[in-house]
Amino acid sequence: SQQGEEDPQALSIQEGENATMNCSYKTSINNLQWYRQNSGRGLVHLILIRSNEREKHSGRLRVTLDTSKKSSSLLITASRAADTASYFCATDAEGSGSRLTFGEGTQLTVNP
Amino acid sequence: DAGITQSPRHKVTETGTPVTLRCHQTENHRYMYWYRQDPGHGLRLIHYSYGVKDTDKGEVSDGYSVSRSKTEDFLLTLESATSSQTSVYFCAIKDRGAGELFFGEGSRLTVL
């Protein structure tokens, strides 16, 4: 079974709006990562947040982590049509031996 | 872009034939991974390697074998392909345990 589960499965917004995607996981983690995948391409790393961090920013991205709820959220502010992609969370679970487990992803569509 | 090359990028084969997918990196990273991506399942880990000749199974390893005789190459072999192995296969690399993955562009395999 998947360690990370994203919510919602699909999200459609207008340019300029903010997009929020959520990820829940089941076990204790070393870190949680977010990736982006454009159609037909490989995944690209966006941001990594460690288990002792609560919030992290990178440009228009803001990631939060709540280890007590075993959940994370990715916020993309002022979205652009070019942000249209699938977004995946991945967990590096404690004792996993450097293996990342991915969720099923959120398909984000940003309409011009 | 991380120096990862997957080959072939597309392959159509018949049930029962052997198939080998190759992942080649120029980054000298220690860790290499093979994932498969299917609708409704996200990315699932098949096998991974933490050094030359050091490999281990992931969550969906049945029907697959791997080899890593050199740092730069990680081969995924389907000894006898089945239709259930129709998928997009991604190779990924990582230079240290708690780091981010760099993905290749994927290999689309169709087993008829």
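The following paragraphs examine the structure supplied in this document. (Residues numbered from 1 in each chain as written. Chains lettered and ligands numbered in written order. Predicted model: local features only at pLDDT ≥ 70, side-chain atom pairs only at ≥ 80, totals over all residues. Heavy atoms only, no water.)

What about the pattern of salt bridges?
Close approach of charged atoms allows side chains with opposite charge to pair. Residue and element names in this part refer to chain A. Taken as a whole and judged by the stated rule, the model has nine salt bridges over all chains. Its salt-bridge partner being D83, residue R60 comes within 2.9 Å of it at the nearest N-O pair. Here the residue R60 occupies a position in the loop between β6 (55-58) and β7 (61-66), and D83 occupies one in the loop between β8 (71-76) and β9 (85-93), the gap between them amounting to 23 residues. Taken together, the shared-partner salt bridges connect R36, R60 and D83 into one network. (Salt bridge = Lys/Arg side-chain N within 4 Å of Asp/Glu carboxyl O. Helix = DSSP H or I, 4+ residues; strand = E, 2+ residues; numbered from the N terminus.)

Considerations on the side chain of T77(B)
Relative to the helices and strands, T77(B) resides in strand β8 (residues 73-78). Sequence-distant contacts of T77(B), defined by excluding residues within four places in its chain, comprise V19(B), T20(B), G63(B), Y64(B) and S65(B). (Contact = heavy atoms within 4.5 Å.)

A short note on the environment of G16(A)
Structurally, G16(A) can be placed in the loop between β2 (10-14) and β3 (19-24). With residues up to four places along the chain from it excluded, the contact list for G16(A) reads A78(A) and S79(A).

Some remarks on the state of the cysteines
A covalent bond between the sulfur atoms of two cysteines is referred to as a disulfide. Residue and element names in this part refer to chain A. Scanning all chains against the criterion turns up two disulfides over all chains. The disulfide partner of C23 is C89, and the gap between their sulfur atoms is 2.0 Å. Disulfide C23-C89: torsion about the S-S bond near 65 degrees, hence right-handed. In this pair, C23 is assigned in strand β3 and C89 in strand β9, connecting sequence segments 66 residues apart. (Disulfide = S-S within 2.5 Å.)

Looking at the interface of chain B and chain A
Of the residues lining the interface, 24 residues belong to chain B; the matching set on chain A comes to 22 residues. Here chain B and chain A share an interface that buries about 1,700 Å² over both sides, 46% of which is from carbon and sulfur atoms. Taken together, chain B and chain A are joined by one salt bridge. Notably, a salt bridge pairs R41(A) with E105(B), separated by 2.4 Å at the nearest N-O pair. Summed over the shared surface of chain B and chain A, the result is six residue pairs in polar contact (both at pLDDT 80 or more). Contributions of two or more residues to the side of chain B that touches chain A are made by β4 (31-38), β5 (42-51) and β9 (87-94) of chain B. When residues of the side of chain B that touches chain A are assigned to their parent elements, the largest contribution, five residues, is made by β5(B). Among the residues forming the side of chain B that touches chain A, the class breakdown is ten nonpolar, seven polar and seven charged. (Buried area = accessible area lost by both parts, 1.4 Å probe. Polar contact = N/O pair within 3.5 Å; in protein donor to acceptor, adjacent residues only side chain to side chain. Nonpolar A, V, L, I, M, F, W, Y, C, P; charged D, E, K, R; others polar.)

Considerations on the sheet that holds strand β7 (residues 64-70) of chain B
All names here are of chain B. Read across the sheet, four strands follow the order β1-β3-β8-β7 without closing on themselves; strand pairing throughout is antiparallel. The open sheet has two edge strands with one neighbour each: β1 (4-7) and β7. Between one strand axis and the next, the sheet turns through 15 degrees on average, direction left out of account. (Pairing = 2+ DSSP bridges. Axes fitted to C-alpha atoms, helices over the stretch in contact; angles between N-to-C directions.)

Let's talk about the sheet that holds β7(A)
Residue and element names in this part refer to chain A. Across the sheet, which stays open at both edges, the five strands sit in the order β1-β3-β8-β7-β6 with antiparallel pairing between neighbours. Where the open sheet ends on each side, the last strands, each with one partner, are β1 (5-7) and β6. The mean angle between the axes of side-by-side strands here comes to 20 degrees, regardless of whether they run parallel or antiparallel. In this structure, β7 lies alongside β8, joined through six bridges in antiparallel fashion. By the bridge assignment, L61 is partnered in β8 with I76.

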